[in-house]
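# Structural characterization, general
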Amino acid sequence: MAKVLPLTILPSPLLHQKSQPIAVAKITQPEIQQLISDMEQTMKANNSVGLAAVQVGKLLQLALIETQDGILVLINPQITSKSWLKNEGEEGCLSVPDKFGLVKRLTKIKVSAYNQQGKKISFTAKGFFARVIQHEVDHINGILFIDRTKKIYGGPPRDRQRD
Ligand code: ZN
């Protein structure tokens, strides 16, 4: 049974720590599979487009991202190629409640990672999808969106803006 996990929020120092890679042989083990199911449940419960393991208190290089085709699981993700173009867009974060900010992100990236079955995957991401991945990879590196913007504003939570 998947369960909704408690969120790690500021001022938890965990959020500024780097996450550890997951050994490929462990990906298919029950402990990681359960964590993935629980994170999926937690994401849905919070109406979020992305969630990194550190946000549920685990310093592991694991992030879930919502896509049109369902939830994408990224384990030990690496950004292997970067566009020179950046654009600015609004971001929020479950770990930084009720704050939003404008953040510059690369418009196009290539990503390699392991999937939930422990298989190596690589793909190109653009636009909002690329933005969410960069936000989650930042979490894995102990960086929050508020560390990347000077324009932070409060406000009511907006649907589908938080990750
Ligand atoms: Zn976040």
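First things first, this report covers the structure right here in the doc.

Rules of the game
- Residues numbered from 1 in each chain as written.
- Predicted model: local features only at pLDDT ≥ 70, side-chain atom pairs only at ≥ 80, totals over all residues.
- Heavy atoms only, no water.
- Salt bridge = Lys/Arg side-chain N within 4 Å of Asp/Glu carboxyl O.
- Helix = DSSP H or I, 4+ residues; strand = E, 2+ residues; numbered from the N terminus.
- Buried < 20%, exposed > 50% of the residue type's maximum accessible area, 1.4 Å probe, protein only.
- Pairing = 2+ DSSP bridges.
- Axes fitted to C-alpha atoms, helices over the stretch in contact; angles between N-to-C directions.
- Contact = heavy atoms within 4.5 Å.
- Core = buried A, V, L, I, M, F, W, Y, C linked by side-chain atoms within 4.5 Å.
- Phe/Tyr/Trp six-rings, centres within 6.5 Å; stacked < 30°, edge-to-face > 60°.

As enumerated under the stated definition, the model contains 7 salt bridges in all. A salt bridge links K151 to E88; the shortest N-O distance between them is 3.4 Å. Taken as a pair, K151 in the loop between α2 (127-140) and β8 (152-154) and E88 in strand β4 (residues 86-93) lie far apart in primary sequence, 63 residues in all. Classification of K151 by relative accessible area gives partly exposed; the value is 45%. Note on E88: relative accessible area 42%, which makes it partly exposed. Residue D138 is joined to R148 by a salt bridge in which the shortest nitrogen-to-oxygen separation is 2.5 Å. Here R148 lies in the loop between α2 and β8 and D138 lies in helix α2, a separation of 10 residues in the sequence.

Read from one edge of the open sheet, 5 strands run β1-β2-β3-β6-β7, paired in antiparallel fashion. The open sheet has two edge strands with one neighbour each: β1 (50-52) and β7 (120-126). Averaged over all pairs of adjacent strands, the angle between strand axes in this sheet comes to 40 degrees, irrespective of strand direction. Two elements, strand β3 (residues 70-82) and strand β6 (residues 108-114), share 5 bridges in a ladder whose sense is antiparallel. Directly across from S81, in β6, lies its bridge partner K110. Helix α1 (residues 30-45) contacts β1, β2 (62-67) and β3 of the sheet and is inclined by roughly 45 degrees relative to β2. Taken strand by strand, α2 contacts β1, β2, β3, β6 and β7, and its axis lies near 125 degrees from that of β7.

Counting 16 residues, the largest nonpolar core has M39, L62 and I75 as its most contacted members. At the level of secondary structure, the elements contributing two or more residues to this core comprise α1, β2 and β3. In this view, I75 contacts I22, I27, I36, Q61, L62, A113, Y114, N115 and Q116; residues no more than four positions away in its chain are not counted. Core analysis: the next-biggest nonpolar cluster, separate from the first, contains 15 residues, L72, L74, A113 and V137 among them.

Note on aromatic pairs: each is described by the distance of the centres and the angle between the planes. Taken as a whole, this structure holds 1 aromatic pair when the rule is applied. On the numbers, 5.8 Å between centres and 15 degrees between planes, the contact of F123 with F129 is stacked.

Strand order across the open sheet formed by 3 strands is β4-β5-β8, with antiparallel pairing between neighbours. With partners counted over all chains shown, the strands left at the sheet margins are β4 and β8, one partner each. Across the sheet, the mean angle separating the axes of adjacent strands is 25 degrees when strand polarity is ignored. Two strands pair when backbone bridges link them, and strand β5 (residues 96-106) and β8 are joined in this way by 3 bridges, in the antiparallel orientation. Within β8, the residue paired with F100 across the bridge is Y153.

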